[in-house]
Amino acid sequence: MTSLAVMELNNNNSSSGCGAVENRSEDGEKHLRELTKTFTGIDKPLKNARKCETLTDLIGELRKTFDSDHVNIEYVNHLMLSYQSNPAEWRKFAKFDRYRYTRNLVDAGNGKYNLMILCWNEGHASAIHDHADSHCFMKMLKGQLMETRYAWPKDATVTEDNKADIGNGQTGGEDVEYNGDELEELSRSTLETNGVCYINDTLGLHRVENPSHTDVAVSLHLYCPPFDVCSIFNKQNGKRTKCKVTFWSKFGKRESSVSIAS
């Protein structure tokens, strides 16, 4: 099995990051986006399917799976469910920030997906956001996170504001009057260690929060296709604002210049 070190080298030698689209098959991306209209996630691993014993196994099997232009998204869900958290394997990627949660790239998937570790200090939370018409799998590696889901606002017009910050919930232009309805809350759930949840834009928007005041949380996320821009939403009036998303670190190394994270 290829080691994580070799995989990281391959990542650095190939197109990587949210904007790496050169090698992505248009048909494959179209197929993935079409699946967001019908796929709702699975709760248990598939019977008689391969299980990933290590993080290295998971990365290797994901790469094989995404070699196809018609990815079996249910199998991707299975792989995320089958891996059991081992801090010794992911600790090198877990980079925390005192003021906001962080997105730390683990594998760029040759431009077809992004696998990353998000680190949440006590009380850290995201803004309410969408997933740019992509699939989002979230697995708990340590601690717990609370997910709150919302319905889309009636007015989904997108505005742009360079102050929009998904890391602290600021939607930008907070002093500008916007007449809209409060977002409708659909559900709340708590994700425990090794649990997996799934969301796409058809299922709604969500906000993720570490509810603990004493313990940190670490989660493993897979986004396919990858994206570098999404939308964040004001809970009180539904205002939608475009927001760039970046990485706090890549392959265990701190990025020299980091802007907003989501």
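Residues numbered from 1 in each chain as written. Predicted model: local features only at pLDDT ≥ 70, side-chain atom pairs only at ≥ 80, totals over all residues. Heavy atoms only, no water.

Going by an unreviewed UniProt entry, the protein chain carries the name Cysteine dioxygenase and comes from Anopheles epiroticus. Check the Catalytic activity (unreviewed entry) section of the UniProt entry for the protein chain; it says "L-cysteine + O2 = 3-sulfino-L-alanine + H(+)". (UniProt positions renumbered as here; feature names shortened; annotations may be inferred.)

(A) Structural context of the sheet that holds strand E14 (residues 253-254). If you trace the seven strands from one edge of the open sheet to the other, you get E8-E4-E10-E2-E1-E13-E14, paired in mixed fashion. The strands lining the two open edges of the sheet, one partner per strand, are strand E8 (196-199) and E14. Strand direction decides the pairing type here: strand E4 (residues 135-142) and strand E10 (residues 217-224), joined by seven bridges, are antiparallel. Directly across from Met138, in E10, lies its bridge partner His221. Sitting on the sheet, helix H4 (residues 73-82) touches strand E2 (114-120), E4, E8 and E10, and the angle it makes with E4 is about 10°. (Pairing = 2+ DSSP bridges. Helix = DSSP H or I, 4+ residues; strand = E, 2+ residues; numbered from the N terminus. Contact = heavy atoms within 4.5 Å. Axes fitted to C-alpha atoms, helices over the stretch in contact; angles between N-to-C directions.)

(B) Region of interest: helix H2 (residues 26-35). Three or more residues of H2 are buried, namely Gly28, His31, Leu32 and Arg33. Each element contacted by the buried residues of H2 is listed here: H4, E4 and E10. (Buried < 20%, exposed > 50% of the residue type's maximum accessible area, 1.4 Å probe, protein only.)

(C) Up close: empty space enclosed by the protein. Tallied over the full model, the rule gives two cavities of 30 Å³ or more. By volume, the second largest cavity is sized at about 50 Å³. Forming the boundary of the second largest cavity are eleven residues, of which Leu118, His129, Val208, His221 and Tyr223 lie nearest the centre. Listing elements by their share of the lining of the second largest cavity, those giving two or more residues are E2, strand E9 (205-209) and E10. Across the lining of the second largest cavity, the residue classes break down as five nonpolar, six polar and no charged. (1 Å grid on protein atoms, 1.4 Å probe; cavity = no way out; pocket = protein on both sides within 12 Å on 5 of 7 lines; lining within 4 Å. Points joined across faces, edges and corners; volume = space filled by probe spheres on them. Nonpolar A, V, L, I, M, F, W, Y, C, P; charged D, E, K, R; others polar.)

(D) Focus on the pairing of E8. Covered by surrounding structure in E8 are Val196 and Tyr198 together with Cys197 and Ile199, the residues of both alternating faces. Across four bridges, E4 lies against E8 in antiparallel orientation. By the bridge assignment, Phe137 is partnered in E8 with Tyr198.

(E) Structural view of the UniProt feature "binding site: Fe cation" (unreviewed entry) in the protein chain. In the numbering used here, UniProt assigns the "binding site: Fe cation" (unreviewed entry) feature to His129, His131 and His206. These residues run over 78 residues, yet every pair of their C-alpha atoms falls within 9.2 Å of each other. Residues from the named set that contribute to the lining of the second largest cavity are His129, His131 and His206. With respect to the helices and strands, the residue His129 is situated in strand E3 (residues 128-129). Residue classification places His129 among the buried residues on the basis of a relative accessible area of 7%. A polar side-chain atom of His129 sits 2.8 Å from the main-chain carbonyl oxygen of Ala127. One can find His131 in the loop between E3 and E4. Residue classification places His131 among the buried residues on the basis of a relative accessible area of 1%. The residues contacting His131, other than those within four sequence positions of it, are Cys136, Ile199, Asp201, His206, Tyr223 and Phe227. A distance of 3.5 Å separates the side chain of His131 from the side chain of His129, its partner in a polar contact. (Polar contact = N/O pair within 3.5 Å; in protein donor to acceptor, adjacent residues only side chain to side chain.)

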